[in-house]
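This is what each chain is made of:
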Amino acid sequence: MISSVRGEVLSIGLDHAVVEVGGVGLAVHATPTTLAGLRRGESSRLATALVVREDSLTLFGFAHDEERELFGLLQTVSGIGPRTALATLAVLSPDVLRRALVDGDLTTITRVPGIGRKGAERLVLELRDKVDAPSAAPATLPVTPNGANPRREQVVEALVGLGFTTKPAEQAVDAVLAGDGDGDASTLLRAALTRLGKSR
């Protein structure tokens, strides 16, 4: 298993970054928050999890080891695959997620695309005793003040890849664009995720 990578960031997309390790460029899928912390041309370290399927090898990256551990823990629950686990960490910070699991806060958990009430109940039932509550009250979901740029289709596609359906994704992106069109694509994606999370 590849537990971490360190190297120069060659490129940053909406849902992944390419990190050069030993002369090889590795595509690492990550949340918008993790990607926002990377800078092209600079060396970075990411905690990683390699997901092996019959037809693919997919590398997922995280800013902190804690996020990688939660990513793995989420997938121990029936019906939760790597994409849904990544979407969970894209919508909910580790502290918010742990607090929601400990408190049985189904409303917060169902903000994640692809997780309905039954799925949220299963997560709480199976993971409540496996996570520690945050020491302090968590902050609310982050609100990104900046809007976005006209790269609408690109951001909608990234949202659909995270598990949202097309129509709500388009509505969220359009709403953010209407508010402020000056941000970059990553800012738009984070703002749309926040809006979609709050609307569930």
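So, here's what we can say about the structure. Small disclaimer: the values here were computed from a predicted structure and weren't measured. (Residues numbered from 1 in each chain as written. Predicted model: local features only at pLDDT ≥ 70, side-chain atom pairs only at ≥ 80, totals over all residues. Heavy atoms only, no water.)

## Observations concerning helix α4 (residues 94-103)
In an α-helix, one full turn covers 3.6 residues, which means residues spaced three or four apart are oriented alike.
Thinking step 1. Pro94, Val96, Leu97, Arg98, Ala100 and Leu101 are the residues of α4 that are buried.
Thinking step 2. Against α2 (65-74), α3 (82-91), α5 (106-109) and α6 (117-127) lie the buried residues of α4. (Buried < 20%, exposed > 50% of the residue type's maximum accessible area, 1.4 Å probe, protein only. Helix = DSSP H or I, 4+ residues; strand = E, 2+ residues; numbered from the N terminus. Contact = heavy atoms within 4.5 Å.)

## Observations concerning the sheet that holds strand β5 (residues 56-62)
Thinking step 1. Strand order in the closed barrel formed by five strands is β1-β2-β3-β5-β4, and the pairing between neighbours is mixed. Mean inter-strand twist for the sheet, computed between neighbouring axes without regard to direction, equals 55 degrees.
Thinking step 2. As defined by bridge partners, strand β4 (residues 43-53) adjoins β5 across seven bridges and the pair is classed as antiparallel. Residue pairing across strands places Thr48 opposite Gly61, the latter belonging to β5.
Thinking step 3. The strands touched by α2 within the sheet are β4 and β5, with β4 carrying the most contacts at an inclination of about 10 degrees. (Pairing = 2+ DSSP bridges. Axes fitted to C-alpha atoms, helices over the stretch in contact; angles between N-to-C directions.)

## Remarks on the pattern of salt bridges
Thinking step 1. Taken as a whole, this structure holds six salt bridges when the rule is applied.
Thinking step 2. Between Arg45 and Asp65 there is a salt bridge whose closest N-O contact spans 3.6 Å. With Arg45 in strand β4 and Asp65 in helix α2, the pair connects residues that are 20 residues apart, well separated along the chain.
Thinking step 3. Glu121 is paired through a salt bridge with Arg117; the nearest N and O atoms lie 3.5 Å apart. With Glu121 and Arg117 both in helix α6, this residue pair falls four residues apart, about one helical turn.
Thinking step 4. The exposure class assigned to Arg117 is exposed, which follows from its relative accessible area of 56%.
Thinking step 5. Residues participating in the shared-partner salt-bridge network are Arg45, Asp65 and Arg68. (Salt bridge = Lys/Arg side-chain N within 4 Å of Asp/Glu carboxyl O.)

## Comments concerning the packing of α2 against α4
Thinking step 1. For the pair α2 and α4, interaxial distance at closest approach is 11 Å and the crossing angle is 40 degrees. The angle between α2 and α4 falls in the class oblique. As for the relative orientation of α2 and α4, their crossing is left-handed in sense. Taking contact as the criterion, the partners of Glu66, Glu67, Leu70 and Leu74 in α2 are, on α4, Pro94, Asp95, Leu97 and Arg98.
Thinking step 2. Residue classes in the contact of α2 with α4 are distributed as four nonpolar, no polar and four charged. (Parallel < 35°, antiparallel > 145°, perpendicular 65-115°, else oblique. Left-handed = near helix turned anticlockwise from the far one by under 90°. Nonpolar A, V, L, I, M, F, W, Y, C, P; charged D, E, K, R; others polar.)

## Comments concerning the packing of aromatic side chains
Thinking step 1. By the definition in use, this model includes two aromatic pairs.
Thinking step 2. Here Phe60 and Phe71 contribute two aromatic rings whose centre-to-centre distance is 5.1 Å and whose plane-to-plane angle is 40 degrees, an arrangement assigned as tilted. Separated by eleven residues along the polypeptide, Phe60 in strand β5 and Phe71 in helix α2 bring together distant segments of the chain.
Thinking step 3. Residue Phe60 is classed as buried on the basis of its relative accessible area of 1%.
Thinking step 4. Taking the centre distance of 4.9 Å and the plane angle of 50 degrees together, the rings of Phe62 and Phe71 count as tilted. Each member of the pair, Phe62 together with Phe71, is buried. (Phe/Tyr/Trp six-rings, centres within 6.5 Å; stacked < 30°, edge-to-face > 60°.)

## Remarks on the pairing of strand β1 (residues 4-12)
Thinking step 1. Here β1 runs beside β4; their pairing, made up of five bridges, is antiparallel. Among the inter-strand pairings, Arg6 is bridged to a residue of β4, identified as Arg45.
Thinking step 2. In this sheet, strand β2 (residues 16-21) lies alongside β1 in antiparallel orientation, the contact comprising four bridges. In the sheet register, Glu8 faces β2, and the bridge partner there is Glu20.
Thinking step 3. Where β1 folds back on β2, the antiparallel hairpin that results is connected by three residues.

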